[in-house]
Amino acid sequence: MAASAYEISVDGLTYSHVPDTPPSLTNVNIHLPKGSRTILVGANGAGKSTLLQILAGKRLISTPGTDVRIKGRDVFRSTPEGITFLGTEWAMNPVVRGDIVVSDFLNSVGGYRHKARRDLLLDILDVDLDWHMHQISDGERRRVQLVMGLMADWDVLLLDEVTVDLDVLVRNDLLQFLKKDSETRGATILYATHIFDGLNEFPTHVAHMHLGTFLMEPTPWPFANAAAGGVTTVDLGPNPSLYAVALQWLAEDRDRRRALENGGRKRRGARRDHSLRDGWRLFDWKEAANFI
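Residues numbered from 1 in each chain as written. Predicted model: local features only at pLDDT ≥ 70, side-chain atom pairs only at ≥ 80, totals over all residues. Heavy atoms only, no water.

(A) Geometry of the overall build of the protein chain. A count of helical and extended segments in the protein chain gives 7 helices and 10 strands. At a minimum sequence separation of 6, the contacts of the protein chain that also span at least 24 residues come to 65%. Total accessible area on the protein chain stands at roughly 15700 Å², and carbon and sulfur atoms take up 51% of it. (Helix = DSSP H or I, 4+ residues; strand = E, 2+ residues; numbered from the N terminus. Contact = heavy atoms within 4.5 Å. Areas by Shrake-Rupley, 256 points an atom, 1.4 Å probe, with all protein chains shown as cover.)

Structure (structure tokens):
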């Protein structure tokens, strides 16, 4: 099918953060229909955040043959309206940690133009309009970010770990809201997360990323039999939960990475070479105390 037939279309995407270094993404291809809700599964460093930032137009791609489109338009040269990206770095910005009242903050970004939707989100996310941004917790600040980002109608929503600070009740209410919004308006969601509890009924598709590539491109969910379909190497039984599938994938990813380390890739974890201890003596705390 043509790229224009998909809401999100990526072909031949390879990307390096720094020129002449190994790529963070290699030959990524995804094609997502309008109204789909896709969960990206992968360990830290798999490339999920980089992919979402590229789709949001935050990183320019100039590699020949690469085509990245949302709503049929090039995200770098003809950016379509209706794309919302919500990532974790927002809450750390000094501007949003200043002494500003939440009601004033939301109005400053157009909350008054979306009052009905804003008020619904205020209730769902349990936000107090009288909070001062510099006095609230990271979780409460995250709720304000979500109200700000979701109060205007969006067509494509890119979520990068933004539910990590939410308590389980607020997170559940938010996911129900997003699912209903997607179903009602045909809006599309691409969501990277490490929290899989309570997600079974949310996605229409699930994808598996590892070290910058897709081991499984977005595939309709649920999986009837993960092992039989080649999704996992072990039998998780009929209708496995998303948590069980993600846990198995991440375990397999760790084994793959360790095999690469055995072949010469830089190793993570404790160093097994004790030769560096030769010629060293144990630290003498009493002797050190003389220098305090």
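What follows continues from the structure just given.
(B) Molecular detail of the sheet that holds strand S6 (residues 83-86). Pairing is mixed in the open sheet, where 6 strands are placed in the order S6-S7-S8-S3-S9-S10. Single-partner strands in this sheet number two, and they are S6 and strand S10 (213-220). The mean inter-strand angle of the sheet, taken between neighbouring strand axes irrespective of direction, is 10°. Note that S6 and strand S7 (residues 156-160) share 4 bridges and pair parallel. Following the sheet pairing, Ile83 is matched in S7 by Val156. Relative to S7, helix H1 (residues 48-55) is tilted by about 150°, and along the sheet it contacts strand S3 (37-41), S6, S7, strand S8 (188-192), strand S9 (205-210) and S10. Across the sheet, helix H6 (residues 242-262) lies against S3, S9 and S10, angled at about 15° from S9, the strand it touches most. (Pairing = 2+ DSSP bridges. Axes fitted to C-alpha atoms, helices over the stretch in contact; angles between N-to-C directions.)

(C) Structural detail: the nonpolar core. Ranked by internal contacts, the top residues of the largest apolar core, which has 46 residues, are Leu125, Val144, Leu150 and Leu178. Counting residues per element, the ones that place at least two in this core are S3, helix H2 (102-108), helix H3 (115-124), helix H4 (138-150), S7, helix H5 (168-185), S8 and H6. Element by element, the count of residues in this core is highest for H5, at 5 residues. Beyond its immediate sequence surroundings of up to four residues, Leu150 is in contact with Leu86, Arg117, Leu121, Leu157, Leu174 and Leu178. Listed in part, the 27 residues of the second largest apolar core include Leu25, Leu32, Ile61 and Ala192. (Core = buried A, V, L, I, M, F, W, Y, C linked by side-chain atoms within 4.5 Å. Buried < 20%, exposed > 50% of the residue type's maximum accessible area, 1.4 Å probe, protein only.)

(D) Representation of H4. In this model H4 runs 18 Å from its N-terminal to its C-terminal C-alpha over 13 residues, within 8% of the 18 Å that 1.5 Å per residue would give. Counted residue by residue, H4 has 10 buried out of 13 residues, so it is predominantly covered. Along its buried surface, H4 packs onto S6, H2, H3, S7 and H5. (Expected span 1.5 Å × (residues − 1).)

(E) Structural context of the sheet that holds strand S2 (residues 25-32). Spatially, 4 strands are ordered S2-S1-S4-S5 in an open sheet, and the strand pairing comes out antiparallel. At either margin of the open sheet sits one strand with a lone partner, and together these are S2 and strand S5 (73-74). As defined by bridge partners, strand S4 (residues 67-70) adjoins S5 across 2 bridges and the pair is classed as antiparallel. Looking at the pairing, Arg69 lines up with Asp74 of S5.

(F) Structural detail: the environment of His194. Checked against the element boundaries, His194 lands in the loop between S8 and S9. On the basis of relative accessible area, His194 is assigned to the partly exposed category, the value being 33%. Considered as a pair, His194 and Asp160 are 34 residues apart in the sequence and their alpha carbons are 9.9 Å apart. Once residues within four sequence positions are removed from consideration, His194 is found in contact with Gly42, Ala43, Asn44, Lys48 and Glu161.

(G) Examining H1 more closely. Burial runs high along H1: 7 of the 8 residues are buried. Looking only at H1, the buried set comprises Lys48, Thr50, Leu51, Leu52, Gln53, Ile54 and Leu55. The positive-phi residue at the C-terminal boundary of H1 is Gly57, with phi of around 80°.

(H) Just unusual backbone geometry, in detail. Trp221 connects to Pro222 through a cis peptide bond whose omega is 10°. As for its position among the elements, Pro222 is in the loop between S10 and H6. In this structure, Glu161 takes a positive phi of about 60° despite not being glycine. Classification of Glu161 by relative accessible area gives buried; the value is 13%. For Leu211, which is not glycine, the phi dihedral falls at a positive 50°.

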